[in-house]
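Chain by chain, the residues:
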Protein chains: 2
Amino acid sequence: MRIKLIIQYLGTNYSGWQTQAGQDSVQAQLERAVLAVTGKHSCVEGSGRTDAGVHAAALAAHFDADSRIPPENFCLALNAHLPSDIRVLDSCQVDENFHARFSAKRKTYIYNFYVSQISLPLLSSTYAHIKPPFDFTLAQQACKAFVGTHDFKAFMSTGSNKKDTVRTIFDCSLNKNSPPWRGGTECRGGLNGVYTLRITGNGFLYNMVRIIAGTVFEVGAGKIPPEKVADIIAAGNRKQAGQTAPACGLTLESVEY
Amino acid sequence: MRIKLIIQYLGTNYSGWQTQAGQDSVQAQLERAVLAVTGKHSCVEGSGRTDAGVHAAALAAHFDADSRIPPENFCLALNAHLPSDIRVLDSCQVDENFHARFSAKRKTYIYNFYVSQISLPLLSSTYAHIKPPFDFTLAQQACKAFVGTHDFKAFMSTGSNKKDTVRTIFDCSLNKNSPPWRGGTECRGGLNGVYTLRITGNGFLYNMVRIIAGTVFEVGAGKIPPEKVADIIAAGNRKQAGQTAPACGLTLESVEY
């Protein structure tokens, strides 16, 4: 029977989702847990591959279980064999036609970051640090240009061999969050703001969200005018877009089927 | 000259603020950095001692510098010699009568926690995990009883030899935060709520905030009626109060002088 899992993990200590020789991956940890629970090896297929250091709030995955364990019980059984930075939040039986990657219709990523002169240890695990100046209104304007069906070639890291670089972005928005602690704004290293960039699309190219985040940072810093972002998409030149933002700020939020 | 520092740290990897033989402390890291910058040993006196695993958003400290370095420059100079989980957010010269511990008038702690069936890796660094049920309204009612000048003997860990156990709590409130990610509430392990308990007082006994948090958890779980909290304070019996909540949820937010 095919089992669907919902998985949360802190990516800090992993080489990413996908198993790679000699490195510890989230997928390898899950396959080890499945082997421990069922006594048989089974490939755990994820909804997508997250890079080294990238997190997931609710990644979907599936595997085929040759076992008499009730589907709902895999959740607790697998957690007993997983390290504390990976948790299965739910498990259920799905149709054999369900495929975590190929059946996915929409994915949402969030990119969390904060603005301050000095890096802040309390935010280091799931936020990226950027230095002021950062103009929230300008950065918000930049987000609009990404929405729609575009060729995102300029927002793909070189080295990827994807031929079809057209993707549809359903939503791209930037929100200012309430600060996680009070005070300290008078400090030179105090917190100027905490933000979440949220992007929903039918799929993403290699490093696409991190390059979009890096481009939004440059708009916020006044280096790229917000109205130029549409031109950068149209030109399709990686060099015109912003830098690839750090992995630690990126979290796969959800996958819709 | 006397230098005041504002320091943020993630306490996860330290035995606490205070230097202890054979263990790595935040104070020891700072004294090592002062030695590296000035060439002379100087004691770095903090506003209070945080326990192992407890964090600080803006702890105040002072040390006496025999150096020609301008006071404001200590901030960046010390950071160059500190690990990334400890940052000096500001530095300035203060009067020689200033003492980080004895001059402190009010301190504010925050206790962050989340409610879910399964522990959530993305919140593990600065939040404690509690399982449902948790009634927010009941827990909020419990907070009121702590405000005022009381003998907090029931909220001090045994082993402390403090004679004067009377403290004044100026404010104690519980807030529900917006969740750090969307969705997942339909999962068995999904997030039910994220909360911050904030307490301001003129001083705190050993483990006092963590025992107050543990008591608020038991009220939220329906194990202690909120109106009984005043009686628990009055009785002065440690056994009637809740358990000491985990260190990872506690953060010293600010110190007022």
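## Here we look at the overall build of chain A
Piece 1. Scanning chain A for helices and strands turns up five helices and 10 strands.
Piece 2. Scaling as 2.2 N^0.38, a compact globule of 257 residues should have a C-alpha radius of gyration of about 18 Å, and chain A matches this with 20 Å.
Piece 3. Buried residues in chain A amount to 56% of all 257 residues.
Piece 4. Carbon and sulfur atoms provide 48% of the accessible area of chain A, an area that totals close to 11,000 Å².

## Quick word on the side chain of B:Glu31
Residue and element names in this part refer to chain B.
Piece 1. Along the chain, glutamate 31 falls in helix 1 (residues 26–38).
Piece 2. Despite its burial, glutamate 31 pairs with no opposite charge, the nearest such side chain being arginine 32 at 8.3 Å.
Piece 3. Setting aside its immediate chain neighbours within four residues, glutamate 31 contacts Thr19, His41, Ser42, Cys43 and Val44.

## Looking at the packing of aromatic side chains
Piece 1. Within this structure, the stated rule accounts for 24 aromatic pairs over all chains.
Piece 2. Measuring from ring centre to ring centre gives 5.4 Å for B:Phe136 and B:Tyr195, while their planes differ by 45°; the resulting arrangement is tilted. Taken together, the positions of B:Phe136 in helix 3 (residues 136–144) and B:Tyr195 in strand 9 (residues 191–201) put the pair 59 residues apart, joining distant regions of the chain.
Piece 3. Members of the aromatic cluster, each reached through a chain of ring pairs, are A:Tyr111, A:Phe113, A:Phe134, A:Phe136, A:Tyr195 and A:Phe217.
Piece 4. For A:Arg106, the ring lying beneath its charged end belongs to A:Phe170, and the centroid distance is 4.6 Å.

## Here we look at unusual backbone geometry
Piece 1. The linkage connecting A:Pro132 with the following residue, A:Pro133, adopts the cis geometry, with an omega of 5°.
Piece 2. One can find A:Pro133 in the loop between strand 6 (128–130) and helix 3 (136–144).

## Quick look at the relation of the copies chain B and chain A
Piece 1. Note on the identical chains: chain B maps onto chain A by a rotation of 180° and an axial translation of 0.0 Å, with an RMSD of 0.0 Å. The two molecules are tied by a two-fold rotation axis, judged by turn and shift. Distance from the rotation axis, computed per C-alpha, reaches its smallest value in chain B at B:Ser125: 3.8 Å.
Piece 2. Of the residues that chain B buries at the interface, 100% are likewise interface residues in chain A, meaning the two copies contact each other through the same surface.

## Comments concerning the packing of helix 3 of chain B against helix 4 (residues 208–220) of chain B
Residue and element names in this part refer to chain B.
Piece 1. At a minimum axis separation of 8 Å, helix 3 and helix 4 run at an interaxial angle of 140°. Compared by their axis directions, helix 3 and helix 4 come out oblique. For the crossing formed where helix 3 meets helix 4, the hand is right-handed. Contacts between helix 3 and helix 4 involve Leu138, Ala139, Ala142 and Cys143 from the first element and Val216, Val219 and Gly220 from the second.
Piece 2. Looking at the contact of helix 3 with helix 4, its residues break down into six nonpolar, one polar and no charged.

## What about the pattern of salt bridges?
Piece 1. With the rule as written, the count across this model stands at 14 salt bridges over all chains.
Piece 2. One salt bridge connects B:Arg188 with A:Asp90, and the closest N-O pair in it is separated by 2.9 Å. Of this pair, B:Arg188 sits in the loop between strand 8 (166–177) and strand 9 while A:Asp90 sits in strand 4 (residues 86–94), placing the two residues on different chains.
Piece 3. Taking the relative accessible area as the measure of exposure, B:Arg188 reaches 36% and is therefore partly exposed.
Piece 4. Taking relative accessible area as the criterion, A:Asp90 reaches 17% and is therefore assigned buried.
Piece 5. One salt bridge connects B:Arg198 with B:Glu253, and the closest N-O pair in it is separated by 2.8 Å. Residue B:Arg198 is found in strand 9, and its partner B:Glu253 is found in strand 10 (residues 250–256); the two are separated by 55 residues along the sequence.

## Describing the pairing of strand 8 (residues 166–177) of chain A
Piece 1. Of the pairings in the sheet, the one linking strand 7 (residues 148–151) of chain A to strand 8 of chain A comprises four bridges and is antiparallel in character. Its bridge partner being in strand 8 of chain A, A:Asp151 is matched across the sheet by A:Val166.

## Concerning the environment of A:Asn175
Piece 1. Topologically, A:Asn175 is positioned in strand 8.
Piece 2. For the pair formed by A:Asn175 and A:Thr196, sequence separation is 21 residues and the distance between their alpha carbons is 5.3 Å.
Piece 3. Apart from residues lying up to four places away in sequence, A:Asn175 is in contact with A:Phe136, A:Val194, A:Tyr195, A:Thr196, A:Arg198 and B:Arg182.

## Overview of the interface of chain B and chain A
Piece 1. Taken together, the contact between chain B and chain A spans 38 residues of the former and 38 residues of the latter.
Piece 2. For the pair chain B and chain A, the summed buried surface comes to about 2,900 Å²; carbon and sulfur atoms form 58% of the total.
Piece 3. It is B:Pro121, B:Leu122 and B:Arg188 that lose the most area in chain B upon contact with chain A, and together they represent 23% of the buried surface on that side.
Piece 4. At the boundary of chain B with chain A, the tally comes to two salt bridges.
Piece 5. Where chain B meets chain A, there are 12 residue pairs in polar contact (both at pLDDT 80 or more).
Piece 6. Elements with a contribution of two residues or more to the side of chain B that touches chain A: strand 1 (2–9), strand 3 (55–64), helix 2 (74–79), strand 4 (86–94) and strand 10 of chain B.
Piece 7. Of all the elements, strand 4 of chain B adds the most residues to the side of chain B that touches chain A, at six residues.

## A word on helix 3 of chain A
Residues and elements named next belong to chain A.
Piece 1. Looking at helix 3, one finds that the buried residues are Ala139, Ala142 and Cys143. For helix 3, the arc enclosing every buried residue in end-on projection is 105°, short of the 170-degree limit, so these residues lie on one face.
Piece 2. In this fold, the buried residues of helix 3 make contact with strand 8, strand 9 (191–201), helix 4 (208–220) and helix 5 (229–235).

## Thoughts on the pairing of strand 5 (residues 106–116) of chain A
Residues and elements named next belong to chain A.
Piece 1. Counting buried positions along strand 5 gives 10 out of 11 residues, so the element sits mostly inside the fold.
Piece 2. When strand 5 meets strand 9, the two strands line up antiparallel, connected through 10 bridges. Looking at strand 9, one finds that lysine 107 is bridged to glycine 201.
Piece 3. In this structure, strand 5 lies alongside strand 6, joined through three bridges in parallel fashion. Looking at the pairing, phenylalanine 113 lines up with alanine 128 of strand 6.

## Comments concerning the environment of B:Ala145
All names here are of chain B.
Piece 1. Positionally, alanine 145 belongs in the loop between helix 3 and strand 7 (148–151).
Piece 2. Residues alanine 145 and isoleucine 233, 88 residues apart in the sequence, show an inter-C-alpha distance of 8.4 Å.
Piece 3. The residues contacting alanine 145, other than those within four sequence positions of it, are His150, Val229, Ala230 and Ile233.

About the criteria used
- Residues numbered from 1 in each chain as written.
- Chains lettered and ligands numbered in written order.
- Predicted model: local features only at pLDDT ≥ 70, side-chain atom pairs only at ≥ 80, totals over all residues.
- Heavy atoms only, no water.
- Helix = DSSP H or I, 4+ residues; strand = E, 2+ residues; numbered from the N terminus.
- Rg over C-alpha atoms; globule rule 2.2 N^0.38 Å.
- Buried < 20%, exposed > 50% of the residue type's maximum accessible area, 1.4 Å probe, protein only.
- Areas by Shrake-Rupley, 256 points an atom, 1.4 Å probe, with all protein chains shown as cover.
- Lys, Arg positive; Asp, Glu negative; His and termini not counted.
- Salt bridge = Lys/Arg side-chain N within 4 Å of Asp/Glu carboxyl O.
- Contact = heavy atoms within 4.5 Å.
- Phe/Tyr/Trp six-rings, centres within 6.5 Å; stacked < 30°, edge-to-face > 60°.
- Lys NZ or Arg CZ within 6 Å of the ring centre and 35° of its normal.
- Least-squares fit on C-alpha atoms with pLDDT ≥ 70 in both.
- Axes fitted to C-alpha atoms, helices over the stretch in contact; angles between N-to-C directions.
- Parallel < 35°, antiparallel > 145°, perpendicular 65-115°, else oblique.
- Left-handed = near helix turned anticlockwise from the far one by under 90°.
- Nonpolar A, V, L, I, M, F, W, Y, C, P; charged D, E, K, R; others polar.
- Pairing = 2+ DSSP bridges.
- Buried area = accessible area lost by both parts, 1.4 Å probe.
- Polar contact = N/O pair within 3.5 Å; in protein donor to acceptor, adjacent residues only side chain to side chain.
- Arc of directions from axis to C-beta.

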